[in-house]
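Each chain, written out:
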Amino acid sequence: MLGHDRPSPHTPDRPTPHADVRPAPHAQARPTPLHQDPLGPLDTLDLLDQPATWGPTETPVGAFHLVPVHVERDLPIISRWMNDPAVAAFWQLAGSRAQTEDHLRGQLEGDGRSVPCLGSLDGTPMSYWEIYRADLDPLARHYPARPHDTGVHVLIGDAADRGRGLGSALLRAVADLVLDHRPACARVVAEPDLRNTPSVAAFLGAGFRYAAEVDLPAKRAALMIRDRSLRHLM
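Residues numbered from 1 in each chain as written. Predicted model: local features only at pLDDT ≥ 70, side-chain atom pairs only at ≥ 80, totals over all residues. Heavy atoms only, no water.

1. Digging into the sheet that holds strand 7 (residues 150-156)
Reasoning step 1: Ordered by their spatial adjacency, eight strands build an open sheet running 2-3-4-5-7-8-10-9, and the pairing between neighbours is mixed. Either end of the sheet is taken by a strand with one partner, and the two such strands are strand 2 (57-59) and strand 9 (209-216). On average, adjacent strands in this sheet sit at an angle of 30° to one another, irrespective of strand direction.
Reasoning step 2: Pairing geometry for strand 5 (residues 124-133) and strand 7, over seven bridges, is antiparallel. Across the sheet, the residue bridging to Tyr128 is Leu155, located in strand 7.
Reasoning step 3: Those strands touched by helix 4 (residues 166-181) are strand 2, strand 3 (62-68), strand 4 (114-121), strand 5, strand 7, strand 8 (187-190) and strand 10 (219-227), and its axis lies near 45° from that of strand 5. (Pairing = 2+ DSSP bridges. Helix = DSSP H or I, 4+ residues; strand = E, 2+ residues; numbered from the N terminus. Axes fitted to C-alpha atoms, helices over the stretch in contact; angles between N-to-C directions. Contact = heavy atoms within 4.5 Å.)

Here is the structure:
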């Protein structure tokens with residue numbers, strides 16, 4: 001996921017009380033009609049507690065701001081990143097801008113269970129993130145999900161920003177933002193491809209623990225979990 005790792009396809013159907021992961025089309029803003037969820041009715045404003053309001057945060061590598069994507073503004077840079085071979089190997093979204101736009105709009109026009117964001121470091125956009133409700137995602141079919149588990153997908157855009165510790169620092173910062181602003185969430189989860197060893201290492205460096213290996217439709221993944229109860233110990 002650090003400069004690599006495609007999410008697993010998110011679909012409009014509700015997963016069973018068990019769960020699943022990998023980056024895929026998520027959804028938010030301009031919601032479609034909602035279905036009843038086993039955890040209660042969905043509220044399009046509250047599924048992820050509005051990441052747009054979380055604001056910037058200081059990290060050891062600079063001031064970081066997670067900003068929800070605006071397609072007209074952000075499509076060129078995100079499409080360029082997706083066509084980097086190191087990214088495309090895991091995200092599988094290389095191709096035309098239209099393909100990237102479809103991926104983004106699949107989340108932006110959905111019910112709010114996934115929010116695509118740009119990560120800005122000291123004012124410069126340098127990473128792409130998807131913050132999503134893992135318990136409402138197909139991932140939930142592949143691990144014992146808990147209500148409000150929140151998932152993270154990430155890619156570091158430029159090769160010059162990879163391999164120097166930014167990934168771990170920013171993953172820790174984003175996990176802390178989730179835990180600070182989503183009081184109902186007890187765990188932040190991720191599912192990098194097992195072959196993506198730099199990504200797995202970055203999650204470990206960010207205080208996630210290696211919980212299991214899971215077979216997802218498009219990959220064998222490492223299930224990584226950062227527990228609220230352990231956040232100050234790891």
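Following the structure, the description resumes.
2. Digging into helix 3 (residues 97-108)
Reasoning step 1: In this model helix 3 runs 16 Å from its N-terminal to its C-terminal C-alpha over twelve residues, within 8% of the 16 Å that 1.5 Å per residue would give.
Reasoning step 2: Listing the buried residues of helix 3 in full gives Thr100, His103, Leu104, Gln107 and Leu108. The buried residues of helix 3 occupy an angular sector of 135° when the element is viewed end-on, so they sit on one face.
Reasoning step 3: Buried residues along helix 3 sit against helix 1 (71-82), helix 2 (85-91), strand 4 and strand 5. (Expected span 1.5 Å × (residues − 1). Buried < 20%, exposed > 50% of the residue type's maximum accessible area, 1.4 Å probe, protein only. Arc of directions from axis to C-beta.)

3. Re the environment of Leu194
Reasoning step 1: For Leu194, the position within the fold is in the loop between strand 8 and helix 5 (197-205).
Reasoning step 2: Given a relative accessible area of 26%, Leu194 falls into the partly exposed group.
Reasoning step 3: Separated by 28 residues in sequence, Leu194 and Ala222 place their C-alpha atoms 5.5 Å apart.
Reasoning step 4: Setting aside residues up to four positions removed in sequence, Leu194 forms contacts with Tyr210, Glu213, Arg220, Ala221 and Ala222.

4. A look at the pairing of strand 7
Reasoning step 1: By the criterion of burial, strand 7 is predominantly enclosed, with seven of the seven residues buried.
Reasoning step 2: In the sheet, strand 7 pairs with strand 8 via two bridges, with the strands oriented parallel. Paired with Thr150 across the two strands is Val188, which belongs to strand 8.

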